[in-house]
Amino acid sequence: TIELVVEALGSARPVVVLGWSIGGVAAYDLGQRLAGHGISVASVGLVDTIFPGEHRHIWSNRWWKYKSMLRPGSFGEATQELAVMARRRADKLAVKLGRKLLEIGGQPVGGDIVDSTASGVPLGALDDRPVDSSVAVTLYAADTTSRDRTEHPWKTVAPSLRVVSIEGRHRGFQSVMAADRVGAIVEDVMANIIAEPTD
């Protein structure tokens, strides 16, 4: 519960809450809750996080996320990325087929398959509009993601939103969270943490 998190954190120093993709929605909510319980929140970081409700445009988002592969010399990378996507799709189809075979065989199968998900999270869980922010919010936006799905709607609840453009895509081999790119986010986070007072 939030009370246990508050107790564990104490009030010794400001904290930074950071989340990537859908995790940014959870980070935003956690940051507001912590602030409401008296925890000093230096910043909430949203790493290429689509605003709740904008997930309905998931197909156009995929175009923005993957279009940077369509450039000269990127055939090898694009092939690898497409292979990963095909493997994930095949895994989903295998699960559906397995469940169907069990049903045909008379075996009870608990729960329904949720087809409309984003990273495994049911899209219905992302319908609630976030509360207006009481803390500083930074969006680390991949430069290939549509700002109409991220920056513009986030500013409706966080008018002072700070936007840092990060070279790369949302996911894949050139994701903003890849080992050779995430350093830019870490450096910015570290530079913007409120330093703990020294004696």
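These lines cover the structure that appears in this document, whether it is placed above or below. (Residues numbered from 1 in each chain as written. Predicted model: local features only at pLDDT ≥ 70, side-chain atom pairs only at ≥ 80, totals over all residues. Heavy atoms only, no water.)

### Describing the overall build of the chain
Counting its regular elements, the chain contains six helices and six strands. When its helices and strands are written in sequence order, the chain yields α-β-α-β-α-α-β-β-β-α-β-α. Here the chain, with 199 residues, has 38% of them falling under the buried criterion. Excluding contacts between residues fewer than 6 apart, the proportion of contacts in the chain whose partners are at least 24 apart in sequence is 71%. For the chain, the exposed area adds up to about 11800 Å²; of that, 58% sits on carbon and sulfur atoms. (Helix = DSSP H or I, 4+ residues; strand = E, 2+ residues; numbered from the N terminus. Buried < 20%, exposed > 50% of the residue type's maximum accessible area, 1.4 Å probe, protein only. Contact = heavy atoms within 4.5 Å. Areas by Shrake-Rupley, 256 points an atom, 1.4 Å probe, with all protein chains shown as cover.)

### Some points on the packing of aromatic side chains
Applying the stated rule across the entire model yields two aromatic pairs. Plain terms: the ring middles of Tyr28 and Trp154 are 5.0 Å apart, the flat faces sit at 45 degrees to each other, and that makes the pair tilted. Here the residue Tyr28 occupies a position in helix α2 (residues 23-36), and Trp154 occupies one in helix α5 (residues 151-154), the gap between them amounting to 126 residues. Like Tyr28, the residue Trp154 is buried in the burial classification. Three or more aromatic residues joined by ring pairs form one cluster here, namely Tyr28, Phe51 and Trp154. (Phe/Tyr/Trp six-rings, centres within 6.5 Å; stacked < 30°, edge-to-face > 60°.)

### Focus: unusual backbone geometry
Notably, Ser21 is not glycine yet its phi reads approximately 60 degrees, a positive angle. A positive phi angle is found at Asp48, which is not glycine, with a value near 50 degrees. By the secondary structure assignment, Asp48 is in the loop between β2 (41-47) and α3 (58-66). Overall, Asp48 belongs to the buried group, its relative accessible area being 0%.

### So, empty space enclosed by the protein
Remark: the empty space left among the atoms is shown by a probe the size of a water molecule rolled over them. In this structure the tally under the stated criterion is one cavity of 30 Å³ or more. For the lining of the largest cavity, the secondary-structure elements that each account for two or more residues are β1 (15-20), β2, β5 (137-142) and α6 (182-192). (1 Å grid on protein atoms, 1.4 Å probe; cavity = no way out; pocket = protein on both sides within 12 Å on 5 of 7 lines; lining within 4 Å. Points joined across faces, edges and corners; volume = space filled by probe spheres on them.)

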